[in-house]
Amino acid sequence: MSTVLRRSWSRRARLPLALGGLAVLLACSSGGSRRGGDGASPEVKSPYPKVTSTTRVSYRARLPDGSMPTLESENVGEKVIAGRSFPRTKLSEPGGAGGASFEAWVDLRGDTLELGGAELILPPDALPTFSGYAAVTAIAPPKVSLSPPVGEPQSVSMPAQGVFDDPGATPEPVTVTGSFTLDERDVGVRTPAGLLSGCSRYVITTVLPRVTGAGVPVDAEAYYHPRLGLVHADLLSPLLGTSLSFQGSKDVSELGGGLYSVQGVSVLGGDGATRFAIDTYDVAQDLDADKNTHAKMLLEVRWTDDEQAKGSEQPPVTEEFGTVMGNYPSRLVESPVSYFFPEERGFKHWIGFVDQAAKNEPGDGTSYHVSVRASDAGMNPVRVAARIVYRRLEPGTP
């Protein structure tokens, strides 16, 4: 491997490493309830549901060389640790590009985070101090509170079994140590999805045995949104100038009584994506939405730029609410408040709402969707957020 290529791998591969440390301490993408829709309400105009263990999150990273790759986190199953199951949340480039990944085994219930362990995979020779594989599994998973007193450092120590160099290697005893401090509450942070308010800011230090080198800490600060989860992180050492920032997510919430919610957030424009959509079909790849029960569909659009979002210029997007057979009439209406993010103040949101069924379609099942198209990829970026609350047919319904 050439020196130039090795440096490139090193920079790109260290990103999951560094942010992996954050994921262990702050549940980078793991949520609370197991597909229960923590905080989700049958009222579609309620605040955006809280991140869960099934939420798929997209982040924009920034590396010291100036590159800005996209990283995605998603649930890839469960792992049994000390007799109970932990969600497996994997952070990597889309499609596994780059060959680096970080998998965190953490469980967040309310404000209590239980640490089960993690696995790190890097390309060969990516780091001079690291062979390319490490996994640590807690012997007795420790629990930490994400709501400690402001300004008081919280120590974390996790005795574990470590596997290094090769997944089939013999486990050996290790201890992962670190500390975190809740530095501020109710602060805002700028992300590709705009200014996100109501966050908690943490300062974090952790040591990853046999990865960063003897005694080399990972120091970072992170911003945690009460519903979106980790929305921004800056690496302070090593590799100052490395960051991770929220740009979108999708999830499904089971609300009880046969009701479900599909929701998503994304950024359009800014030379990026030009289309966003959520669809009830994606829940189980089936036309299983009850056509005889009204689906409630809500869409919010706003400029990501603070000053532009304060004005009355409507973002140049085209919205669509519909089913497999057709679309419902709709239009976006200016609103000084957000239903999904009520903590946001002083910005104009453009809102579309449809409350419809599809009783004239054949059969009992259909699918409902909300989609948005940008005028062009080069337009100033806008944030779109949408949610569909609907009744799902029982399995086996014709």
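That block above? That's the structure.
About the thresholds
- Counting restarts for each chain: residues are numbered from 1 in the order of the written sequence.
- Residues qualify for local features only when their pLDDT is at least 70, as the model is predicted, and side-chain atom pairs are given and counted only at 80 or more; totals for whole chains, interfaces and linings, by contrast, use all residues.
- Derived side-chain values reflect all non-hydrogen atoms in the structure, with water molecules and hydrogen atoms excluded from consideration.
- The set of buried Ala, Val, Leu, Ile, Met, Phe, Trp, Tyr and Cys residues whose side-chain atoms join them within 4.5 Å is what this entry labels a nonpolar core.
- For the exposure calls, accessible area comes from a 1.4 Å probe over protein chains only, and a residue counts as buried if that area is under 20% of its type's maximum, exposed if over 50%, partly exposed in between.
- For this analysis, residues touch if any pair of their heavy atoms sits within 4.5 Å.
- Between the rings of Phe, Tyr and Trp (Trp by its six-membered ring), a pair exists once the centres lie within 6.5 Å; its type follows the angle of the planes, with under 30 degrees stacked, over 60 edge-to-face, and the other angles tilted.
- Numbered from the N terminus, helices here are DSSP runs of H or I no shorter than four residues, and strands are runs of E no shorter than two.
- Between any two strands, at least two bridges found by DSSP are needed for them to pair.
- Any N or O atom pair separated by 3.5 Å or less is treated as a polar contact, with the protein-specific requirement of one donor-capable and one acceptor-capable atom, and with residues adjacent in sequence counted only for side-chain atom pairs.
- Salt bridge, as used here, is a side-chain nitrogen of Lys or Arg placed within 4 Å of a carboxyl oxygen of Asp or Glu.

Help me understand the nonpolar core, please; the structure alone is not making it clear to me.
Among the nonpolar cores identified, the biggest contains 55 residues, and V231 and F246 are the most heavily contacted of them. Residues within four places of F246 in sequence aside, it is in contact with V57, S58, Y59, T191, P192, A193, L196, L228, V231 and V265. One finds A309, L332, Y368 and V370 within the second-largest nonpolar core, a separate group that totals 34 residues.

Quick question: what am I supposed to make of the packing of aromatic side chains here?
Any aromatic ring pair is given by two values, namely how distant the centres are and how the planes are angled relative to each other. All chains considered together, the criterion is met by 4 aromatic pairs. Here F180 and Y202 contribute two aromatic rings whose centre-to-centre distance is 6.1 Å and whose plane-to-plane angle is 50°, an arrangement assigned as tilted. Here Y202 lies in strand β10 (residues 194-207) and F180 lies in strand β9 (residues 172-191), a separation of 22 residues in the sequence. Pairing Y260 with Y390 gives two aromatic rings, centres 6.3 Å apart and planes at 35°, and the pair type is tilted.

Can you help me understand the environment of V144 in this one?
Examined against the element boundaries, V144 turns out to sit in strand β7 (residues 143-145). In sequence terms V144 and E114 are 30 residues apart; their C-alpha atoms lie 6.5 Å from each other. For V144, the residues in contact, after removing those within four places along its chain, are D111, T112, L113, V156 and F180.

Where do I start with the sheet that holds strand β23 (residues 368-374) in this structure?
Pairing between the strands of a sheet comes from backbone hydrogen bonds, and it takes one of two forms, parallel or antiparallel. Reading across the sheet, the 4 strands line up as β15-β23-β18-β19 and stay open at both edges, with antiparallel pairing between neighbours. Two strands bound the open sheet, and with one partner strand each, they are β15 (275-279) and β19 (327-328). In this sheet, β23 lies alongside strand β18 (residues 317-323) in antiparallel orientation, the contact comprising 7 bridges. Following the sheet pairing, E319 is matched in β23 by V372.

Honestly, the environment of S253 in this entry has me stumped. Any pointers?
On the secondary structure map, S253 appears in strand β13 (residues 242-256). Each C-alpha atom of the pair S253 and T52 lies 8.7 Å from the other, and the pair is 201 residues apart in sequence. A polar contact is formed between the side chain of S253 and the side chain of Q263, at a distance of 2.9 Å.

For this particular structure, what's the right way to read the pairing of β23?
Every other side chain in a regular strand lies on the same face of the sheet, so the side chains alternate between the two faces. A large share of β23 lies buried, amounting to 6 of its 7 residues. Where β15 lies against β23, 5 bridges are found, and the strand directions are antiparallel. By the bridge assignment for β23, A277 is matched with S371.

Quick question: what am I supposed to make of the pattern of salt bridges here?
Side-chain pairs of opposite charge can arise whenever the charged atoms involved come near each other. As enumerated under the stated definition, the model contains 16 salt bridges in all. R201 serves as the salt-bridge partner of E221, at 2.3 Å between the closest nitrogen and oxygen. Of this pair, E221 sits in strand β11 (residues 217-225) while R201 sits in strand β10, placing them 20 residues apart in sequence. R201 carries the same exposure label as E221, and that label is buried. The salt bridge partner of K310 is E307, with a shortest N-O separation of 3.4 Å. With a gap of 3 residues between them, K310 and E307 both fall in helix α3 (residues 306-310), about one helical turn apart.

How do you make sense of the environment of M158 when you look at a structure like this?
Looking at the element boundaries, M158 is found in strand β8 (residues 154-164). Once the C-alpha coordinates of M158 and A140 are considered, the two residues, 18 residues apart in sequence, prove to be 7.8 Å apart. Each residue touching M158, except ones within four places of it in the same chain, is listed here: L115, G117, V136, A138, P142, V174, T175 and V176.

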